[in-house]
Amino acid sequence: MKLYFYHTLPVIQQYQEWQNQKLPGHVLYGLTHFDKHGIESVLHDYKKEKNRLEFMVRNWWKIITCKESFDVLYGTSFRGLEILVFLRALGLYRKPIVVWHHTSVTTSSKKLVNLISTFFYKGFDELFFFNTKLIDYSVQTGKIKREHAHLIHWGPDLDYYDRLKSEVHEQNSFFISTGRENRDFLTLVKAFEGESASIELFVPKINIKNGYRELLGDPNQFPNNIKLEYVTGLLTDELARRVAAAAIVAICFQKPPYAYTLGLTTLVEAFALGKPVLSSINPYWETDIDAEGIGISLPYGDAEAWRKAIRYLSANPDKAIAMGQKARKLAETSFNLEIFTKELAEILNKL
């Protein structure tokens, strides 16, 4: 079977980066391994537009005028596909539409918005979710049916990280934070102030919602144990190498404003590299890091709790190593690129 692979990022460029071993395959949501399951892909030519309407119209036109035949429209998000989804709901677009849904389906207090949204979700044939709770909440809205909502065990590209680990010989005791969205870097800074443990913070230079630069200021103002660097772009390969050289991964974020698997990309990278995790609580991960013994979850914005956890793992490196080993084992048995591509392919091939 053949699918049209729609991505909200430049997928052709990213696929080439994966081929050149500069990008882990899991960020391409199965694309790199679909051929193992008899699935061919037509790649969407991504282009960023000035506004969302232009983005939707361009994608609609690009897809309906595609010269290559395909059986299924597969999207890593529905953002930009709205016109086709509504047409599918109306019965005017014949190809099945399946997408990843990164949050739970929600309801609105406004009746008209809710009616439109309910109709919109009729345009999806199948939906993929990262977490069971997201499915439960979504089904409760009445907008989707459970039989069309699928849990996929999204996990890391172990081949990529194994190769990377073989190239990074440096091993240090520092903590590291490489996250982007909704992060609470200020709490991390407060937790490390005055401590003997050190951390490397890689902070997005531009993030309109959080204003990280305005909040944190000049990176040179921090004590020697806190190294802060503002970064532009994804820099996936470069940052993964720093994670490989670090001892412990810190994922500190503000309370998610809605049901969302915030921090998941950073978490699965830690799995692959065998790193223990200190993280803000996230009930929307499919993995309970405390129960699995791979890390410690901490309250939002509680610098003192973070400080205690930092001291504990710093004073007990053997326990930190054991956590990292369990994390890697979890990746090998339950969460990795091979497993989640197989789960996707089983559903896609039925279409």
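Every value quoted in this text rests on a predicted model; they were computed, and no experiment measured them.

Quick notes on the rules
- Residues numbered from 1 in each chain as written.
- Predicted model: local features only at pLDDT ≥ 70, side-chain atom pairs only at ≥ 80, totals over all residues.
- Heavy atoms only, no water.
- Helix = DSSP H or I, 4+ residues; strand = E, 2+ residues; numbered from the N terminus.
- Rg over C-alpha atoms; globule rule 2.2 N^0.38 Å.
- Buried < 20%, exposed > 50% of the residue type's maximum accessible area, 1.4 Å probe, protein only.
- Areas by Shrake-Rupley, 256 points an atom, 1.4 Å probe, with all protein chains shown as cover.
- Lys, Arg positive; Asp, Glu negative; His and termini not counted.
- Charge placed at Lys NZ, Arg CZ, Asp CG, Glu CD.
- Core = buried A, V, L, I, M, F, W, Y, C linked by side-chain atoms within 4.5 Å.
- Contact = heavy atoms within 4.5 Å.
- Pairing = 2+ DSSP bridges.
- Axes fitted to C-alpha atoms, helices over the stretch in contact; angles between N-to-C directions.
- Parallel < 35°, antiparallel > 145°, perpendicular 65-115°, else oblique.
- Nonpolar A, V, L, I, M, F, W, Y, C, P; charged D, E, K, R; others polar.
- Salt bridge = Lys/Arg side-chain N within 4 Å of Asp/Glu carboxyl O.

Focus on the overall build of the protein chain
Then step 1. Looking only at helices and strands, one finds 14 helices and 12 strands in the protein chain.
Then step 2. Relative to the 2.2 N^0.38 estimate, which gives 20 Å for 351 residues, the radius of gyration of the protein chain is 21 Å and therefore close to what a compact globule would have.
Then step 3. In terms of principal-axis extent, the alpha carbons of the protein chain reach across some 65 × 45 × 40 Å.
Then step 4. Counting every position in the protein chain, which comprises 351 residues, the buried fraction comes to 52%.
Then step 5. For the protein chain, the exposed surface amounts to about 16,500 Å²; the carbon and sulfur share of it is 52%.
Then step 6. One way to put it: in the protein chain the 43 positive side-chain charges average out to a point 6 Å from where the 40 negative ones average out.

Section: the nonpolar core
Then step 1. Residues Y74, W100, F128, F271, L344 and L348 are the most contacted members of the largest nonpolar core, which totals 59 residues.
Then step 2. With 7 residues, helix α10 (residues 264–273) is the single largest residue contributor to this core.
Then step 3. For F128, the residues in contact, after removing those within four places along its chain, are Y74, V98, V99, W100, H101, H150, I152, L344, I347 and L348.
Then step 4. Listed in part, the 29 residues of the second largest apolar core include L188, A250, C252 and I296.

As for the sheet that holds strand β12 (residues 295–298)
Then step 1. Ordered in space as β9-β8-β7-β10-β11-β12, the 6 strands form an open sheet in which the pairing is parallel. Edge positions in the sheet fall to β9 (226–231) and β12, since each of these pairs with one other strand and no more. Strand after strand, the sheet turns through a mean of 20 degrees between neighbouring axes, direction not considered.
Then step 2. Looking at chain direction, strand β11 (residues 277–280) and β12 are connected through 4 bridges and run parallel. Across the sheet, the residue bridging to S279 is S297, located in β12.
Then step 3. Across the sheet, α10 lies against β10 (248–251) and β11, angled at about 170 degrees from β10, the strand it touches most.

Re helix α7 (residues 185–192)
Then step 1. Summarising burial for α7: 6 of the 8 residues are buried, a large majority.
Then step 2. Among the residues making up α7, those that are buried are F185, T187, L188, V189, A191 and F192.
Then step 3. Buried residues along α7 sit in contact with β7 (175–177), β8 (199–204), α8 (212–216), β9, β10 and α12 (303–315).
Then step 4. Trailing α7 by a residue or two, G194 shows a phi angle of about 80 degrees, which is positive.

Some remarks on the packing of helix α3 (residues 82–89) against helix α4 (residues 111–120)
Then step 1. Viewed as axis vectors pointing N to C, α3 and α4 meet at an angle of 80 degrees, and their least axial separation amounts to 9 Å. Taken together, the axes of α3 and α4 are roughly perpendicular relative to one another. The residues of α4 that touch α3, namely those facing E82, V85, F86 and A89, are I116, F119 and F120.
Then step 2. A class-by-class count of the residues in the contact of α3 with α4 yields 6 nonpolar, no polar and 1 charged.

Description of the pattern of salt bridges
Then step 1. Applying the stated criterion across every chain yields a total of 18 salt bridges.
Then step 2. As a salt-bridge pair, R58 and E49 come within 3.5 Å of each other at their nearest N and O atoms.
Then step 3. Notably, a salt bridge pairs D136 with R146, separated by 3.0 Å at the nearest N-O pair. Note that D136 is positioned in helix α5 (residues 132–140) and R146 in the loop between α5 and β6 (149–151), a separation of 10 residues in sequence.
Then step 4. On the accessibility criterion, R146 (45% relative accessible area) is partly exposed.
Then step 5. In this structure, a network of salt bridges that share partners links the residues D162, K165, R328 and E332.

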